[in-house]
Amino acid sequence: MGSEVMEQELKDLKVELSKHGIFTTTLEEVYNWGRKNSVWPLTFGLACCAIEMIATSMARYDIARFGAEVFRPSPRQADLMIVAGTVTKKMAPQVVRLYNQMPEPKYVIAMGACAISGGPFRDGYNVLKGIDRYIPVDVHIPGCPPRPEALLHAFITLQKKIDAQQLRGAGRARHLKAETPSEYPVPDFGSHDLEPTHNDEVFPPRPESPFKVLP
Amino acid sequence: MSSPSIDPVGVDVSAEAIRAALVKGVPGCEATVVENGSPSAQHSLLLDHEHAVEAATFLRDHAEFRLDFCSNVTGVDWPDKEVTEKVKVTKVVDGPDGPKEQQVEETRKTLIPGYLETVYHLFSMEKKHGPVILRLRTANRGEGNHLPSLTPVWRSAEFQEREAFDLFGIVFDGHPDLRRILMWEDFTDHPMRKDYVPPEEDEPVMDDGCAPGSSAEQGAAGQ
(Lines give C-alpha, C1' and ligand atoms only; values in the text may rest on other atoms or scores of the structure.)
Protein backbone atom coordinates (compact mmCIF):
# COMPACT_ATOMS: atom_id res chain seq x y z
CA MET A 1 0.00 0.00 0.00
CA GLY A 2 2.80 2.35 1.01
CA SER A 3 4.73 1.83 -2.20
CA GLU A 4 1.61 2.64 -4.23
CA VAL A 5 1.21 5.94 -2.46
CA MET A 6 4.87 6.67 -3.06
CA GLU A 7 4.51 5.79 -6.73
CA GLN A 8 1.60 8.19 -7.08
CA GLU A 9 3.59 10.89 -5.31
CA LEU A 10 6.49 10.33 -7.68
CA LYS A 11 4.16 10.59 -10.67
CA ASP A 12 2.70 13.82 -9.36
CA LEU A 13 6.16 15.16 -8.76
CA LYS A 14 7.14 14.23 -12.31
CA VAL A 15 4.18 16.13 -13.73
CA GLU A 16 4.90 19.08 -11.46
CA LEU A 17 8.56 19.16 -12.56
CA SER A 18 7.61 18.93 -16.24
CA LYS A 19 5.51 22.05 -15.79
CA HIS A 20 8.71 23.81 -14.87
CA GLY A 21 10.64 22.47 -17.83
CA ILE A 22 12.41 19.64 -16.01
CA PHE A 23 12.14 16.24 -17.61
CA THR A 24 12.53 13.14 -15.46
CA THR A 25 12.10 9.51 -16.39
CA THR A 26 13.00 5.97 -15.36
CA LEU A 27 15.10 3.41 -17.16
CA GLU A 28 12.02 1.17 -17.45
CA GLU A 29 10.03 3.90 -19.19
CA VAL A 30 12.74 4.75 -21.69
CA TYR A 31 13.45 1.10 -22.36
CA ASN A 32 9.78 0.24 -22.97
CA TRP A 33 9.23 3.42 -24.96
CA GLY A 34 12.02 2.38 -27.28
CA ARG A 35 10.80 -1.19 -27.57
CA LYS A 36 7.17 -0.41 -28.22
CA ASN A 37 7.96 2.02 -31.03
CA SER A 38 10.11 -0.30 -33.09
CA VAL A 39 8.35 -3.64 -33.09
CA TRP A 40 9.48 -5.45 -36.21
CA PRO A 41 6.99 -8.00 -37.47
CA LEU A 42 7.85 -11.20 -39.26
CA THR A 43 7.01 -11.25 -42.99
CA PHE A 44 4.58 -14.07 -42.76
CA GLY A 45 1.08 -14.56 -44.12
CA LEU A 46 -1.08 -17.67 -44.27
CA ALA A 47 -4.31 -16.66 -45.99
CA CYS A 48 -6.60 -13.75 -46.85
CA CYS A 49 -5.85 -11.96 -43.55
CA ALA A 50 -2.34 -11.47 -44.89
CA ILE A 51 -3.78 -9.24 -47.61
CA GLU A 52 -5.24 -6.98 -44.92
CA MET A 53 -1.91 -7.07 -43.11
CA ILE A 54 -0.18 -5.96 -46.32
CA ALA A 55 -2.76 -3.20 -46.74
CA THR A 56 -2.00 -2.10 -43.17
CA SER A 57 1.66 -1.78 -44.03
CA MET A 58 1.01 0.31 -47.16
CA ALA A 59 0.56 4.06 -47.50
CA ARG A 60 -3.15 4.32 -46.76
CA TYR A 61 -3.10 2.74 -43.29
CA ASP A 62 0.64 3.05 -42.83
CA ILE A 63 1.76 0.98 -39.87
CA ALA A 64 5.02 2.96 -40.13
CA ARG A 65 3.29 5.61 -38.00
CA PHE A 66 3.71 3.17 -35.12
CA GLY A 67 7.22 2.08 -35.97
CA ALA A 68 6.36 -1.39 -37.25
CA GLU A 69 6.96 -0.96 -40.96
CA VAL A 70 10.12 -3.06 -41.05
CA PHE A 71 8.83 -6.52 -41.90
CA ARG A 72 11.73 -8.93 -41.47
CA PRO A 73 11.99 -12.02 -43.63
CA SER A 74 13.95 -13.86 -40.95
CA PRO A 75 12.53 -14.91 -37.58
CA ARG A 76 15.93 -14.14 -36.05
CA GLN A 77 15.38 -10.43 -36.64
CA ALA A 78 11.69 -10.20 -35.80
CA ASP A 79 9.96 -9.19 -32.57
CA LEU A 80 6.36 -9.79 -33.54
CA MET A 81 4.63 -12.68 -35.23
CA ILE A 82 1.33 -11.70 -36.82
CA VAL A 83 -0.43 -15.01 -37.43
CA ALA A 84 -2.46 -13.71 -40.37
CA GLY A 85 -4.77 -16.39 -41.65
CA THR A 86 -5.85 -20.01 -41.43
CA VAL A 87 -3.36 -22.26 -39.69
CA THR A 88 -3.78 -25.69 -41.24
CA LYS A 89 -2.66 -28.70 -39.25
CA LYS A 90 0.01 -29.28 -41.86
CA MET A 91 1.36 -25.74 -41.33
CA ALA A 92 1.06 -25.59 -37.52
CA PRO A 93 4.45 -27.23 -36.73
CA GLN A 94 6.18 -24.74 -39.00
CA VAL A 95 4.45 -21.81 -37.30
CA VAL A 96 5.55 -23.07 -33.88
CA ARG A 97 9.08 -23.61 -35.20
CA LEU A 98 9.20 -20.04 -36.53
CA TYR A 99 8.06 -18.79 -33.13
CA ASN A 100 10.81 -20.81 -31.47
CA GLN A 101 13.39 -19.26 -33.77
CA MET A 102 12.46 -15.70 -32.81
CA PRO A 103 14.64 -14.04 -30.17
CA GLU A 104 13.18 -12.73 -26.92
CA PRO A 105 11.34 -10.50 -26.23
CA LYS A 106 8.78 -11.73 -28.72
CA TYR A 107 5.07 -11.15 -29.15
CA VAL A 108 2.25 -12.79 -31.08
CA ILE A 109 -0.88 -11.27 -32.58
CA ALA A 110 -3.43 -13.85 -33.72
CA MET A 111 -5.24 -12.11 -36.55
CA GLY A 112 -8.69 -13.15 -37.71
CA ALA A 113 -11.27 -15.79 -36.92
CA CYS A 114 -9.14 -18.67 -38.23
CA ALA A 115 -5.99 -17.85 -36.29
CA ILE A 116 -7.87 -17.41 -33.02
CA SER A 117 -10.31 -20.33 -33.28
CA GLY A 118 -10.28 -22.09 -36.64
CA GLY A 119 -13.06 -19.80 -37.84
CA PRO A 120 -15.40 -21.21 -40.48
CA PHE A 121 -13.11 -24.25 -40.83
CA ARG A 122 -13.34 -25.20 -37.16
CA ASP A 123 -15.42 -28.31 -37.79
CA GLY A 124 -13.22 -29.44 -40.66
CA TYR A 125 -10.49 -32.03 -40.57
CA ASN A 126 -7.45 -30.02 -41.59
CA VAL A 127 -7.50 -26.72 -39.71
CA LEU A 128 -6.03 -25.99 -36.30
CA LYS A 129 -8.63 -24.63 -33.88
CA GLY A 130 -6.56 -21.60 -32.95
CA ILE A 131 -2.82 -21.03 -32.78
CA ASP A 132 -3.09 -20.34 -29.02
CA ARG A 133 -3.08 -24.13 -28.60
CA TYR A 134 0.67 -24.19 -29.16
CA ILE A 135 2.13 -20.72 -28.58
CA PRO A 136 1.24 -17.89 -26.18
CA VAL A 137 -0.80 -15.20 -27.94
CA ASP A 138 -0.68 -11.60 -26.70
CA VAL A 139 -3.54 -10.07 -28.69
CA HIS A 140 -6.44 -11.81 -30.43
CA ILE A 141 -8.32 -9.99 -33.20
CA PRO A 142 -11.68 -11.32 -34.34
CA GLY A 143 -12.98 -10.62 -37.84
CA CYS A 144 -13.02 -12.35 -41.18
CA PRO A 145 -10.79 -10.75 -42.19
CA PRO A 146 -10.24 -7.93 -39.68
CA ARG A 147 -9.95 -4.52 -41.32
CA PRO A 148 -6.58 -2.73 -41.23
CA GLU A 149 -7.97 -0.49 -38.48
CA ALA A 150 -8.55 -3.60 -36.37
CA LEU A 151 -4.95 -4.69 -36.88
CA LEU A 152 -3.76 -1.20 -35.96
CA HIS A 153 -5.93 -1.36 -32.85
CA ALA A 154 -4.42 -4.72 -31.95
CA PHE A 155 -0.98 -3.27 -32.52
CA ILE A 156 -1.68 -0.28 -30.28
CA THR A 157 -3.04 -2.69 -27.66
CA LEU A 158 0.25 -4.59 -27.89
CA GLN A 159 2.19 -1.32 -27.54
CA LYS A 160 0.27 -0.54 -24.35
CA LYS A 161 1.05 -4.04 -23.11
CA ILE A 162 4.76 -3.58 -23.84
CA ASP A 163 4.69 -0.16 -22.20
CA ALA A 164 3.25 -1.61 -19.01
CA GLN A 165 5.76 -4.44 -18.74
CA GLN A 166 7.97 -4.31 -15.67
CA LEU A 167 11.66 -5.03 -15.79
CA ARG A 168 12.05 -6.02 -12.16
CA GLY A 169 10.09 -7.65 -9.40
CA ALA A 170 7.68 -10.54 -9.31
CA GLY A 171 5.45 -8.97 -11.97
CA ARG A 172 8.24 -8.65 -14.51
CA ALA A 173 7.74 -9.49 -18.15
CA ARG A 174 7.61 -13.10 -19.31
CA HIS A 175 10.90 -12.95 -21.18
CA LEU A 176 12.74 -11.78 -18.07
CA LYS A 177 11.76 -14.82 -16.03
CA ALA A 178 14.35 -17.52 -16.39
CA GLU A 179 11.92 -20.34 -15.64
CA THR A 180 9.40 -19.54 -18.38
CA PRO A 181 10.30 -21.17 -21.67
CA SER A 182 10.96 -19.18 -24.81
CA GLU A 183 10.51 -22.23 -26.99
CA TYR A 184 7.52 -24.51 -27.12
CA PRO A 185 7.31 -28.13 -28.30
CA VAL A 186 6.65 -28.52 -32.00
CA PRO A 187 3.70 -30.88 -32.58
CA ASP A 188 4.19 -34.05 -34.60
CA PHE A 189 2.11 -35.36 -37.47
CA GLY A 190 0.10 -38.26 -36.04
CA SER A 191 -1.92 -40.83 -37.91
CA HIS A 192 -5.21 -38.99 -37.29
CA ASP A 193 -4.32 -35.58 -35.88
CA LEU A 194 -1.44 -33.50 -34.60
CA GLU A 195 0.21 -34.96 -31.51
CA PRO A 196 -0.32 -33.51 -28.99
CA THR A 197 -3.49 -31.66 -29.99
CA HIS A 198 -2.55 -28.76 -27.73
CA ASN A 199 0.07 -27.65 -25.23
CA ASP A 200 -1.31 -27.65 -21.68
CA GLU A 201 1.21 -25.01 -20.65
CA VAL A 202 -0.19 -22.33 -22.95
CA PHE A 203 -3.68 -23.73 -23.46
CA PRO A 204 -4.87 -24.96 -20.07
CA PRO A 205 -8.22 -26.71 -19.76
CA ARG A 206 -10.98 -24.12 -19.64
CA PRO A 207 -13.07 -23.69 -16.49
CA GLU A 208 -16.63 -24.87 -16.65
CA SER A 209 -19.00 -22.81 -18.70
CA PRO A 210 -20.68 -19.99 -16.80
CA PHE A 211 -23.85 -20.69 -18.77
CA LYS A 212 -26.08 -22.99 -16.77
CA VAL A 213 -28.69 -25.19 -18.33
CA LEU A 214 -32.06 -24.58 -16.70
CA PRO A 215 -34.00 -27.72 -15.75
CA MET B 1 -26.27 -20.20 -78.07
CA SER B 2 -26.30 -23.69 -79.39
CA SER B 3 -26.48 -26.76 -77.23
CA PRO B 4 -23.29 -27.10 -75.17
CA SER B 5 -22.57 -30.57 -76.47
CA ILE B 6 -22.44 -29.53 -80.13
CA ASP B 7 -19.52 -27.37 -81.20
CA PRO B 8 -19.80 -24.65 -83.89
CA VAL B 9 -18.48 -26.99 -86.56
CA GLY B 10 -21.14 -29.46 -85.60
CA VAL B 11 -19.35 -32.43 -84.07
CA ASP B 12 -21.74 -34.23 -81.77
CA VAL B 13 -19.97 -34.83 -78.47
CA SER B 14 -23.00 -36.04 -76.54
CA ALA B 15 -22.44 -39.03 -74.28
CA GLU B 16 -24.41 -41.25 -76.66
CA ALA B 17 -22.32 -40.24 -79.69
CA ILE B 18 -19.06 -40.74 -77.78
CA ARG B 19 -20.26 -44.14 -76.64
CA ALA B 20 -21.05 -45.21 -80.18
CA ALA B 21 -17.60 -44.06 -81.34
CA LEU B 22 -15.90 -45.83 -78.43
CA VAL B 23 -17.65 -49.13 -78.99
CA LYS B 24 -16.63 -48.95 -82.64
CA GLY B 25 -13.09 -47.66 -82.17
CA VAL B 26 -11.96 -49.56 -79.07
CA PRO B 27 -12.75 -53.25 -79.40
CA GLY B 28 -14.18 -54.79 -76.25
CA CYS B 29 -14.75 -51.45 -74.53
CA GLU B 30 -17.78 -51.42 -72.30
CA ALA B 31 -19.13 -47.90 -72.04
CA THR B 32 -22.44 -47.18 -70.36
CA VAL B 33 -24.25 -43.87 -70.46
CA VAL B 34 -25.05 -42.59 -66.96
CA GLU B 35 -28.09 -40.36 -67.28
CA ASN B 36 -28.22 -37.01 -65.54
CA GLY B 37 -31.85 -36.23 -64.76
CA SER B 38 -31.29 -32.57 -63.91
CA PRO B 39 -32.09 -29.76 -66.39
CA SER B 40 -28.41 -29.52 -67.35
CA ALA B 41 -28.71 -33.07 -68.73
CA GLN B 42 -24.96 -33.58 -68.69
CA HIS B 43 -24.93 -37.31 -69.26
CA SER B 44 -21.69 -39.11 -68.62
CA LEU B 45 -19.96 -42.27 -69.72
CA LEU B 46 -19.05 -45.07 -67.35
CA LEU B 47 -15.96 -46.95 -68.58
CA ASP B 48 -14.67 -50.39 -67.66
CA HIS B 49 -11.26 -50.69 -66.03
CA GLU B 50 -9.51 -52.78 -68.71
CA HIS B 51 -10.18 -50.40 -71.59
CA ALA B 52 -10.22 -47.07 -69.74
CA VAL B 53 -6.70 -45.97 -70.72
CA GLU B 54 -7.17 -47.15 -74.28
CA ALA B 55 -10.54 -45.39 -74.54
CA ALA B 56 -9.10 -42.19 -73.06
CA THR B 57 -6.23 -42.23 -75.56
CA PHE B 58 -8.73 -42.85 -78.34
CA LEU B 59 -10.81 -39.82 -77.31
CA ARG B 60 -7.73 -37.62 -77.00
CA ASP B 61 -6.34 -38.53 -80.40
CA HIS B 62 -9.64 -38.87 -82.28
CA ALA B 63 -9.61 -36.50 -85.28
CA GLU B 64 -13.08 -35.13 -84.58
CA PHE B 65 -13.30 -35.23 -80.78
CA ARG B 66 -9.69 -34.20 -79.96
CA LEU B 67 -10.41 -34.12 -76.21
CA ASP B 68 -6.96 -32.75 -75.43
CA PHE B 69 -7.70 -31.14 -72.08
CA CYS B 70 -8.72 -32.84 -68.84
CA SER B 71 -9.91 -29.91 -66.77
CA ASN B 72 -11.16 -31.62 -63.66
CA VAL B 73 -10.88 -34.90 -61.81
CA THR B 74 -13.00 -35.42 -58.76
CA GLY B 75 -13.90 -38.23 -56.42
CA VAL B 76 -17.30 -39.32 -55.19
CA ASP B 77 -18.03 -41.66 -52.31
CA TRP B 78 -21.13 -43.78 -52.59
CA PRO B 79 -21.61 -45.55 -49.26
CA ASP B 80 -23.52 -48.80 -48.85
CA LYS B 81 -27.21 -48.12 -48.82
CA GLU B 82 -30.24 -50.13 -47.88
CA VAL B 83 -33.28 -49.87 -50.07
CA THR B 84 -36.63 -50.90 -48.65
CA GLU B 85 -39.41 -51.67 -51.09
CA LYS B 86 -42.89 -53.02 -50.64
CA VAL B 87 -43.67 -56.05 -52.75
CA LYS B 88 -46.99 -57.80 -53.15
CA VAL B 89 -46.64 -61.54 -52.66
CA THR B 90 -49.28 -64.25 -53.00
CA LYS B 91 -49.31 -66.44 -49.93
CA VAL B 92 -51.39 -69.26 -48.61
CA VAL B 93 -53.16 -68.04 -45.51
CA ASP B 94 -55.28 -70.08 -43.12
CA GLY B 95 -58.79 -68.61 -43.07
CA PRO B 96 -62.07 -69.68 -41.48
CA ASP B 97 -62.91 -71.61 -44.69
CA GLY B 98 -59.58 -73.42 -44.75
CA PRO B 99 -56.35 -72.46 -46.52
CA LYS B 100 -56.74 -69.67 -49.06
CA GLU B 101 -54.48 -67.74 -51.38
CA GLN B 102 -54.16 -64.08 -50.55
CA GLN B 103 -52.17 -61.03 -51.68
CA VAL B 104 -49.89 -59.94 -48.85
CA GLU B 105 -47.63 -56.87 -48.78
CA GLU B 106 -44.10 -57.56 -47.74
CA THR B 107 -41.22 -55.17 -47.16
CA ARG B 108 -37.98 -56.28 -48.66
CA LYS B 109 -34.65 -54.84 -47.83
CA THR B 110 -31.86 -54.96 -50.34
CA LEU B 111 -28.34 -53.79 -49.62
CA ILE B 112 -26.75 -51.90 -52.47
CA PRO B 113 -23.00 -52.11 -51.91
CA GLY B 114 -21.11 -48.84 -52.04
CA TYR B 115 -18.24 -47.88 -54.28
CA LEU B 116 -15.88 -45.02 -54.97
CA GLU B 117 -16.02 -43.11 -58.20
CA THR B 118 -13.86 -40.66 -60.12
CA VAL B 119 -15.31 -38.21 -62.61
CA TYR B 120 -13.21 -36.71 -65.40
CA HIS B 121 -14.31 -33.57 -67.24
CA LEU B 122 -12.79 -33.36 -70.70
CA PHE B 123 -12.69 -30.46 -73.14
CA SER B 124 -11.15 -29.86 -76.52
CA MET B 125 -8.96 -26.79 -76.84
CA GLU B 126 -8.51 -27.40 -80.54
CA LYS B 127 -12.17 -27.99 -81.45
CA LYS B 128 -13.57 -25.78 -78.67
CA HIS B 129 -16.13 -28.22 -77.39
CA GLY B 130 -16.93 -30.03 -74.21
CA PRO B 131 -17.39 -31.09 -71.55
CA VAL B 132 -17.33 -34.82 -72.07
CA ILE B 133 -17.67 -36.56 -68.74
CA LEU B 134 -16.10 -39.92 -67.98
CA ARG B 135 -16.68 -41.98 -64.86
CA LEU B 136 -14.74 -44.84 -63.36
CA ARG B 137 -16.07 -46.88 -60.45
CA THR B 138 -14.20 -49.08 -58.01
CA ALA B 139 -15.37 -52.57 -57.15
CA ASN B 140 -16.08 -51.60 -53.54
CA ARG B 141 -15.02 -49.23 -50.79
CA GLY B 142 -12.62 -51.67 -49.11
CA GLU B 143 -9.79 -53.63 -50.71
CA GLY B 144 -11.15 -53.18 -54.21
CA ASN B 145 -10.43 -49.48 -54.30
CA HIS B 146 -8.24 -49.63 -57.40
CA LEU B 147 -8.79 -47.73 -60.64
CA PRO B 148 -6.64 -47.29 -63.73
CA SER B 149 -4.86 -43.93 -63.78
CA LEU B 150 -5.51 -41.61 -66.68
CA THR B 151 -2.44 -39.49 -65.90
CA PRO B 152 -0.46 -41.17 -68.73
CA VAL B 153 -3.12 -39.82 -71.09
CA TRP B 154 -3.69 -36.38 -69.57
CA ARG B 155 -0.83 -35.01 -67.49
CA SER B 156 -3.21 -32.50 -65.85
CA ALA B 157 -4.86 -35.39 -64.01
CA GLU B 158 -1.73 -36.08 -61.95
CA PHE B 159 -2.32 -33.79 -58.94
CA GLN B 160 -6.07 -34.27 -58.99
CA GLU B 161 -5.75 -38.04 -58.93
CA ARG B 162 -3.35 -37.62 -56.02
CA GLU B 163 -6.01 -35.54 -54.31
CA ALA B 164 -8.63 -38.25 -54.88
CA PHE B 165 -6.15 -40.78 -53.51
CA ASP B 166 -5.51 -38.60 -50.48
CA LEU B 167 -9.07 -37.65 -49.59
CA PHE B 168 -11.07 -40.66 -50.85
CA GLY B 169 -8.52 -43.47 -50.75
CA ILE B 170 -8.82 -44.42 -54.42
CA VAL B 171 -5.64 -46.16 -55.59
CA PHE B 172 -4.74 -45.26 -59.18
CA ASP B 173 -2.76 -48.04 -60.86
CA GLY B 174 -0.28 -46.64 -63.34
CA HIS B 175 0.02 -43.25 -61.66
CA PRO B 176 3.65 -42.07 -61.82
CA ASP B 177 3.81 -40.53 -58.34
CA LEU B 178 0.93 -41.58 -56.12
CA ARG B 179 1.48 -39.82 -52.79
CA ARG B 180 -0.76 -37.82 -50.50
CA ILE B 181 -0.94 -34.24 -51.69
CA LEU B 182 -2.88 -32.28 -49.05
CA MET B 183 -2.59 -34.23 -45.81
CA TRP B 184 0.71 -35.36 -44.39
CA GLU B 185 2.36 -38.65 -45.26
CA ASP B 186 1.64 -40.49 -41.99
CA PHE B 187 -2.05 -39.56 -42.03
CA THR B 188 -4.13 -42.72 -42.35
CA ASP B 189 -7.70 -41.47 -42.90
CA HIS B 190 -9.55 -40.35 -45.98
CA PRO B 191 -11.44 -37.27 -44.80
CA MET B 192 -13.80 -36.85 -47.75
CA ARG B 193 -15.37 -40.26 -47.26
CA LYS B 194 -18.90 -40.09 -45.94
CA ASP B 195 -18.08 -42.25 -42.92
CA TYR B 196 -15.07 -40.18 -41.84
CA VAL B 197 -15.24 -38.94 -38.26
CA PRO B 198 -12.85 -36.13 -37.31
CA PRO B 199 -10.66 -36.85 -34.27
CA GLU B 200 -12.15 -36.08 -30.88
CA GLU B 201 -10.30 -33.39 -29.01
CA ASP B 202 -10.12 -33.63 -25.26
CA GLU B 203 -11.31 -30.13 -24.64
CA PRO B 204 -14.29 -29.05 -22.57
CA VAL B 205 -16.81 -27.53 -24.96
CA MET B 206 -19.02 -24.64 -24.02
CA ASP B 207 -22.41 -26.21 -23.52
CA ASP B 208 -25.07 -23.54 -23.16
CA GLY B 209 -27.80 -25.84 -24.40
CA CYS B 210 -28.28 -24.00 -27.69
CA ALA B 211 -26.21 -26.16 -29.98
CA PRO B 212 -27.90 -29.12 -31.69
CA GLY B 213 -27.16 -32.34 -29.86
CA SER B 214 -26.27 -30.55 -26.63
CA SER B 215 -27.20 -32.03 -23.27
CA ALA B 216 -30.22 -29.73 -22.84
CA GLU B 217 -31.66 -30.62 -26.20
CA GLN B 218 -31.18 -34.30 -25.60
CA GLY B 219 -32.89 -33.92 -22.23
CA ALA B 220 -35.84 -32.17 -23.88
CA ALA B 221 -36.08 -34.90 -26.49
CA GLY B 222 -36.13 -37.52 -23.74
CA GLN B 223 -39.14 -35.90 -22.09
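The structure presented is a predicted model; accordingly, all values stated were derived computationally and were not measured.

## Thoughts on the overall build of chain B
Step number 1: The helix and strand inventory of chain B stands at 4 helices and 9 strands.
Step number 2: When the helices and strands of chain B are read in sequence order from the N terminus, they spell out α-β-β-α-β-β-β-β-β-β-α-β-α.
Step number 3: By the burial criterion, 25% of the 223 residues in chain B qualify as buried.
Step number 4: Restricting the contact set of chain B to residue pairs at least 6 apart, pairs at least 24 apart contribute 57%.

## Some remarks on the sheet that holds strand β7 (residues 129-137) of chain B
All names here are of chain B.
Step number 1: On the basis of which strands lie adjacent, the open sheet formed by 5 strands has the order β1-β2-β7-β6-β3 and mixed pairing. A strand with exactly one partner marks an edge of an open sheet, and here the two such strands are β1 (31-34) and β3 (69-78). Geometrically, the sheet is characterised by an average inter-axis angle of 25° between neighbouring strands, direction not taken into account.
Step number 2: The sheet contact formed by strand β6 (residues 115-124) and β7 spans 7 bridges and is antiparallel. Paired with Ser 124 across the bridge in β7 is His 129.
Step number 3: Most of the contacts of helix α1 (residues 15-25) go to β1, to which it runs at about 175°, and overall it touches β1, β2 (44-47) and β7.

## Re α1(B)
Residues and elements named next belong to chain B.
Step number 1: Listing the buried residues of α1 in full gives Ala 15, Ile 18 and Leu 22. Across the axial projection of α1, the buried residues extend over an arc of 65°, all falling on one side. In α1, those exposed residues whose orientation departs by more than 90 degrees from the buried face are Glu 16 and Lys 24.
Step number 2: On its buried side, α1 packs onto β1, β2, α2 (52-61) and β7.

## Digging into the confidence of the model for chain B
Residues and elements named next belong to chain B.
Step number 1: Put simply, chain B has an average pLDDT of 84, and 86% of its residues get 70 or more.
Step number 2: Predicted confidence for residues 216-223 stays below pLDDT 50, and this span has 5 contacts to residues more than four positions away or in other chains.
Step number 3: Scoring the predicted complex yields pTM 0.80 and, for the interface, ipTM 0.74.

## Quick notes on the nonpolar core
Step number 1: Membership of the largest hydrophobic core comes to 43 residues, with the highest contact counts inside it found for A:Met81, A:Val83, A:Ile109, A:Ala110, A:Met111 and A:Ile131.
Step number 2: A:Ala110 has contacts with A:Val83, A:Ala115, A:Ile116, A:Ile131, A:Asp132, A:Val137, A:His140 and A:Ile141, leaving out every residue within four places of it along the chain.
Step number 3: Counting residues in each nonpolar core, the second largest holds 33 residues, with B:Ala31, B:Ala52, B:Tyr120 and B:Phe165 among its members.

## Observations regarding the pairing of β2(B)
Residues and elements named next belong to chain B.
Step number 1: Across 4 bridges, β1 lies against β2 in antiparallel orientation. Each residue of the ladder has a partner; that of Thr 32, found in β2, is Leu 46.
Step number 2: For β2 and β7, the ladder comprises 2 bridges, and the chain directions are parallel. Residue Leu 46 lies in a different strand from β7, and its bridge partner there is Arg 135.

## Describing the environment of B:Arg135
Step number 1: The residue B:Arg135 is located in strand β7 in this model.
Step number 2: In contact with B:Arg135, other than residues within four places in its own chain, are B:Val34, B:Ser44, B:Leu45, B:Leu46, B:Glu117 and B:Val119.

## Quick look at the sheet that holds strand β2 (residues 107-111) of chain A
Residue and element names in this part refer to chain A.
Step number 1: Spatial ordering of the open sheet is given by β1-β2-β3, a layout of 3 strands whose pairing is parallel. Strands with a single pairing partner mark the edges of an open sheet, and in this sheet they are β1 (80-84) and β3 (139-141). Across the sheet, the mean angle from the axis of one strand to that of its neighbour is 15°, orientation sign disregarded.
Step number 2: Here β2 pairs with β3 via 3 bridges, running parallel. By the bridge assignment, Ala 110 is partnered in β3 with His 140.

## Looking at unusual backbone geometry
Step number 1: Omega for the bond connecting A:Cys144 with A:Pro145 falls within 30 degrees of zero, at -15°, which places this linkage in the cis form.
Step number 2: Mapped onto the elements, A:Pro145 comes out in the loop between β3 and α6 (148-163).
Step number 3: The residue after A:Glu195, namely A:Pro196, is reached through a cis peptide bond having omega -5°.
Step number 4: For A:Pro196, the position within the fold is in the segment after β5 (194-195).
Step number 5: For B:Arg66, which is not a glycine, the phi torsion comes out positive at approximately 45°.
Step number 6: Along the chain, B:Arg66 turns up in the loop between α2 and β3.
Step number 7: Looking at B:Arg66, the number of C-beta atoms within 10 Å reads 18, which means it is partly exposed.
Step number 8: The phi torsion at B:Lys128 lies on the positive side, around 55°, for a residue other than glycine.
Step number 9: With respect to the element layout, B:Lys128 can be found in the loop between β6 and β7.

## So, helix α4 (residues 92-101) of chain A
Step number 1: When we look at burial in α4(A), the residues that qualify are A:Ala92, A:Val95, A:Val96 and A:Tyr99. What you see down the axis of α4(A) is that its buried residues fit within an arc of 95°, all on one side.

Criteria and cut-off values
Residues numbered from 1 in each chain as written. Chains lettered and ligands numbered in written order. Predicted model: local features only at pLDDT ≥ 70, side-chain atom pairs only at ≥ 80, totals over all residues. Helix = DSSP H or I, 4+ residues; strand = E, 2+ residues; numbered from the N terminus. Buried ≥ 20, exposed ≤ 12 C-beta atoms within 10 Å, placed from the backbone. Contact = placed C-beta atoms within 7 Å. Pairing = 2+ DSSP bridges. Axes fitted to C-alpha atoms, helices over the stretch in contact; angles between N-to-C directions. Arc of directions from axis to C-beta. pLDDT = per-residue confidence, 0-100. Core = buried A, V, L, I, M, F, W, Y, C linked by C-beta atoms within 7 Å.

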